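Descriptive analysis of the structure
Spelled out, the chains give:
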Amino acid sequence: MGERNNLASAMRAMSTSLERTPLDAKIDVVETACLKRGILVTADGYVRQPAAASLLGIAPTTLRNRRLNGGAAIASRSNGRIVEYAIAGIAAALLAREKCV
């Protein structure tokens with residue numbers, strides 16, 4: 001998993017600054033935060049609900065309620081009782097929050 005994150009970071013760094021979007025930069029920030037906090041990231045870029053809530057700065061139940069009531073447009077998937085959120089979706093939500101403030 002660590003090697004994949006390093007490879008993805010290296011590939012992003014190789015792209016020119018003209019190709020990078022604010023979302024790409026925010027995804028890098030979220031991935032770095034996961035690494036620093038010891039949050040497990042799946043190979044395809046998903047984190048579990050408590051970790052996603054922590055990254056967003058909200059309670060896990062708030063995130064769950066937003067997902068169930070249509071208030072959160074963060075890509076998620078469930079496997080039984082485990083709900084995971086896409087890092088790209090978390091980054092997009094954080095970027096949208098910054099634009100509103």
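Preceding this section is the structure that the text describes.
What counts, and where the lines are drawn
- Residues numbered from 1 in each chain as written.
- Predicted model: local features only at pLDDT ≥ 70, side-chain atom pairs only at ≥ 80, totals over all residues.
- Heavy atoms only, no water.
- Salt bridge = Lys/Arg side-chain N within 4 Å of Asp/Glu carboxyl O.
- Axes fitted to C-alpha atoms, helices over the stretch in contact; angles between N-to-C directions.
- Helix = DSSP H or I, 4+ residues; strand = E, 2+ residues; numbered from the N terminus.
- Parallel < 35°, antiparallel > 145°, perpendicular 65-115°, else oblique.
- Left-handed = near helix turned anticlockwise from the far one by under 90°.
- Contact = heavy atoms within 4.5 Å.
- Nonpolar A, V, L, I, M, F, W, Y, C, P; charged D, E, K, R; others polar.
- Phe/Tyr/Trp six-rings, centres within 6.5 Å; stacked < 30°, edge-to-face > 60°.
- Lys NZ or Arg CZ within 6 Å of the ring centre and 35° of its normal.
- Pairing = 2+ DSSP bridges.

Looking at the pattern of salt bridges
Where charged atoms of side chains with opposite charge meet at close range, the side chains can pair. Tallying each qualifying case throughout the model produces 4 salt bridges. Connected through shared salt-bridge partners, Asp44, Arg77 and Glu84 make up one network.

Examining the packing of helix 3 (residues 49–56) against helix 5 (residues 87–100)
Close contact between helix 3 and helix 5 brings their axes to 10 Å; oriented N to C, the two are set at 25°. By the angle class used here, helix 3 and helix 5 are roughly parallel. Relative to helix 5, helix 3 is oriented so that their crossing is right-handed. On helix 5, the residues touching Ala52, Leu55 and Leu56 of helix 3 are Ile90, Ala93, Leu94 and Arg97. The residue inventory of the contact of helix 3 with helix 5, partitioned by class, reads 6 nonpolar, no polar and 1 charged.

Let's talk about the packing of aromatic side chains
Following the criterion strictly, the structure yields 0 aromatic pairs and no others. Taking NZ or CZ as reference, Arg77 lies 3.9 Å from the ring centre of Tyr46, over its face.

A short note on the sheet that holds strand 1 (residues 46–48)
The 3 strands are arranged 1-3-2 in an open sheet whose pairing can be described as antiparallel. At either margin of the open sheet sits one strand with a lone partner, and together these are strand 1 and strand 2 (76–79). Taking the axes of each pair of neighbouring strands and ignoring which way they run, one obtains an average angle of 30° across the sheet. Pairing of strand 1 with strand 3 (residues 82–86), which is carried by 3 bridges, proceeds in the antiparallel orientation. In the sheet register, Tyr46 faces strand 3, and the bridge partner there is Ala86. Where helix 3 meets the sheet, its contacts fall on strand 1 and strand 3, and the angle it forms with strand 1 comes to roughly 100°.

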